[in-house]
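Observations on the three-dimensional arrangement
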Amino acid sequence: MSNLQSLKKKKESASKARSFISQADKGREGERGKRLNVEIPEELHYQVKMKAAERGLSVRALVIQFLQSGVK
Amino acid sequence: MIITIGGQKGGSGKSCLAQNLSVALVNEGYRVLLIDADPQQTSSDWADERSGTDAPALNHQAMTGDISKTAVALAESGRILVIDCGGRDTRELRSAMVVSDVMLIPTRPKRRDLKTLDYVSDLVEKNRITNPTLIARTVISQAPTLPSQIKRILDAKAVADSFNLPALESVIFTRNVYDDAEESGLSVFEADDEKAKKEISQTLFEVLALMGDNK
């Protein structure tokens with residue numbers, strides 16, 4: 001395989017890996033999502049945002065995590 | 001060599017297995033790095049606790065986000081990485097799966113837990129595009145010790161098989177020593193329960209054999 005081809009293959013594989021990783025916590029493909037709108041106190045919203053940043057998560061991922069542990 | 005321990009269910013003994021396997025590897029003379037990629041940071045707390053004891057030292061590091069590149073770099077020069085991912089489908093878990101040789105999924109022999117293997121199996125299949133050689137195995141954990149309950153374990157293994165995530169022969173049973181040791185930063189190898197030591201050692205040898213096959 002030429003260098004150019006192998007480089008192209010490597011790039012493709014890295015992009016597939018990135019797309020696989022970015023789908024984390026979004027449920028299965030084809031699984032329908034539901035939107036949840038809730039009004040919450042401003043202070044709590046701030047705290048949730050802080051907690052998400054601390055853990056390196058999105059607010060969505062953190063809320064899902066909390067809800068999941070609540071319904072268990 | 002990279003071993004990822006993860007799944008889609010909390011409380012199934014992932015951190016416990018990661019900690020005990022890491023110590024077992026150290027005892028076998030391997031250079032080991034325990035990576036805590038679980039936001040709950042159970043293994044980091046455990047390792048911190050451990051550093052204050054006389055137990056053999058264990059290198060550990062906490063990581064978040066996409067850990068694939070760092071993990072590959074750290075696994076060079078013959079070091080074995082044991083990555084403890086939480087019980088959820090996270091970026092940490094997926095990025096660890098992309099670069100792992102073996103993935104272990106500790107699962108209790110209970111319906112609710114076994115059901116989650118369906119999701120994990122799907123994840124492993126999707127990961128095949130980027131990591132076709134990943135060996136994924138269920139580890140039956142917290143199994144009842146009563147001989148009359150053996151059917152539960154066999155049934156659980158059959159379910160794991162049906163999801164294409166065959167179970168290891170070795171089974172981790174419910175034993176107080178796991179909790180007692182963990183609370184003081186120790187592994188079963190520094191505690192007094194021969195059966196627990198034996199089941200962790202057997203698990204390790206099975207995993208090492210799997211990795212040997214993959215070479």
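These remarks concern the structure in this document. Remember, predicted model here, so these are calculated numbers, not experimental data. (Residues numbered from 1 in each chain as written. Chains lettered and ligands numbered in written order. Predicted model: local features only at pLDDT ≥ 70, side-chain atom pairs only at ≥ 80, totals over all residues. Heavy atoms only, no water.)

**Structural notes on the sheet that holds strand β3 (residues 59–62) of chain B**
All names here are of chain B. We count it as follows: By definition, two strands form a pair when at least two bridges between them are found by DSSP. Strands here mean DSSP runs of E at least two residues long; helices mean DSSP runs of H or I at least four residues long; both are numbered from the N terminus. Note on method: axes are straight lines fitted to C-alpha atoms, helices fitted across the in-contact stretch only, with angles between N-to-C directions ranging 0 to 180 degrees. The contact criterion used throughout is that any non-hydrogen atoms of two residues lie within 4.5 Å.
Taking strand neighbours across the sheet as the criterion, the six strands line up as β3-β2-β4-β1-β5-β6 in an open arrangement whose pairing is parallel. Sheet topology places β3 and β6 (135–140) at the edges, where each strand pairs with a single neighbour. Ignoring strand direction, the axes of neighbouring strands in this sheet form an average angle of 20°. In terms of strand pairing, strand β5 (residues 102–107) meets β6 through six bridges, oriented parallel. Residue Thr107 lies in a different strand from β6, and its bridge partner there is Ile140. The strands that helix α1 (residues 14–27) touches are β1 (2–5), β2 (32–37), β4 (80–85), β5 and β6; relative to β4, the one it contacts most, it runs at about 170°. In this fold helix α6 (residues 117–127) packs onto β5 and β6, with an angle of close to 170° to the strand it touches most, β5.

**A short note on the layout of surface pockets**
Going by this rule: Whether a set of points on the 1 Å grid over the protein atoms alone is a cavity depends on a 1.4 Å probe fitting there but being unable to get out, while an open set qualifies as a pocket with protein on both sides within 12 Å along at least five of seven lines; lining residues are those with an atom within 4 Å of a point. Grid points are joined across faces, edges and corners, and a volume is the space filled by probe spheres set on the points. When residue character is reported, Ala, Val, Leu, Ile, Met, Phe, Trp, Tyr, Cys and Pro are called nonpolar, Asp, Glu, Lys and Arg charged, and the others, Gly included, polar.
Within this model, the second largest pocket holds a volume of roughly 420 Å³. As for the second largest pocket, its lining consists of 18 residues, and the residues nearest its centre are Ala17 of chain A together with Ser68, Val72, Val98 and Val99 of chain B. At the level of elements, α1 (3–22) of chain A together with α3 (68–74) and α4 (91–99) of chain B are the ones that each hand at least two residues to the lining of the second largest pocket. If one sorts the elements of the lining of the second largest pocket by residue count, α1 of chain A sits on top with six residues. Taken together, the residues of the lining of the second largest pocket break down into seven nonpolar, six polar and five charged.

**Let's talk about the interface of chain A and chain B**
Note the following rule: By buried area we mean the combined loss of accessible area, with a 1.4 Å probe, across both parts when two parts are placed together.
Across the boundary between the two partners, chain A contributes 17 residues, which contact 23 residues of chain B. Between chain A and chain B the total buried area reaches about 1,800 Å² when both faces are included, carbon and sulfur atoms providing 58% of it. Of all the secondary-structure elements, those providing two or more residues to the side of chain A that touches chain B are α1 and α3 (59–71) of chain A. The element that contributes the greatest number of residues to the side of chain A that touches chain B is α1 of chain A, accounting for six residues. The class makeup of the residues in the side of chain A that touches chain B is five nonpolar, six polar and six charged.

**Digging into the pattern of salt bridges**
Rules: The salt bridge definition used is simple: a Lys or Arg side-chain nitrogen within 4 Å of an Asp or Glu carboxyl oxygen. Buried residues are those whose accessible area, probed at 1.4 Å on protein chains only, stays under 20% of the maximum for their type, while exposed residues exceed 50% and partly exposed ones sit between those limits.
In this structure the tally under the stated criterion is nine salt bridges over all chains. Among the ionic pairs, Glu54 of chain A bridges to Lys51 of chain A, the shortest N-O distance being 3.8 Å. One end of the pair, Glu54 of chain A, and the other, Lys51 of chain A, are both in helix α2 (residues 42–55), three residues apart, so they sit about a helical turn from each other. Under the relative-accessibility criterion, Lys51 of chain A is labelled partly exposed at 33%. Ionic pairing is found between Glu199 of chain B and Arg175 of chain B, a salt bridge with its closest N-O pair at 2.8 Å. On the criterion of sequence distance, the pair formed by Glu199 of chain B in helix α9 (residues 194–213) and Arg175 of chain B in the loop between α7 (150–162) and α8 (176–183) is long-range, its members being 24 residues apart.

**So, the packing of aromatic side chains**
Describing an aromatic ring pair means giving the distance of the ring centres and the angle of the ring planes. Worth spelling out the cut-off: Each Phe, Tyr or Trp ring, with Trp reduced to its six-membered ring, pairs with another whose centre is within 6.5 Å; inter-plane angles below 30 degrees give stacked pairs, above 60 give edge-to-face pairs, and intermediate values give tilted ones. Comment: the charge-over-ring label is applied if NZ (Lys) or CZ (Arg) is within 6 Å of the ring centre and within 35 degrees of the ring normal.
Taken as a whole and assessed by the stated rule, the structure comprises zero aromatic pairs over all chains. Sitting over the face of the ring of Phe20 of chain A, Arg94 of chain B holds its NZ or CZ atom 4.9 Å from the ring centroid.

**Re the packing of α1 of chain A against α4 of chain B**
To keep it simple, the criterion reads: Should an angle lie under 35 degrees it is considered roughly parallel, over 145 roughly antiparallel, and from 65 to 115 roughly perpendicular; all remaining angles are considered oblique. Handedness of a crossing is defined here by the sense of rotation of the near helix relative to the far one, left-handed for an anticlockwise turn of less than a right angle and right-handed for a clockwise turn.
One way to put it is that α1 of chain A packs onto α4 of chain B with a least axis distance of 8 Å and a crossing angle of 150°. Judged by the inter-axis angle, α1 of chain A sits roughly antiparallel to α4 of chain B. Crossing hand, α1 of chain A versus α4 of chain B: right-handed. Between α1 of chain A and α4 of chain B, the residues in contact are Ala17, Phe20, Ile21 and Ser22 of chain A and Arg91, Arg94, Ser95, Met97 and Val98 of chain B, respectively. The residue inventory of the contact of α1 of chain A with α4 of chain B, partitioned by class, reads five nonpolar, two polar and two charged.

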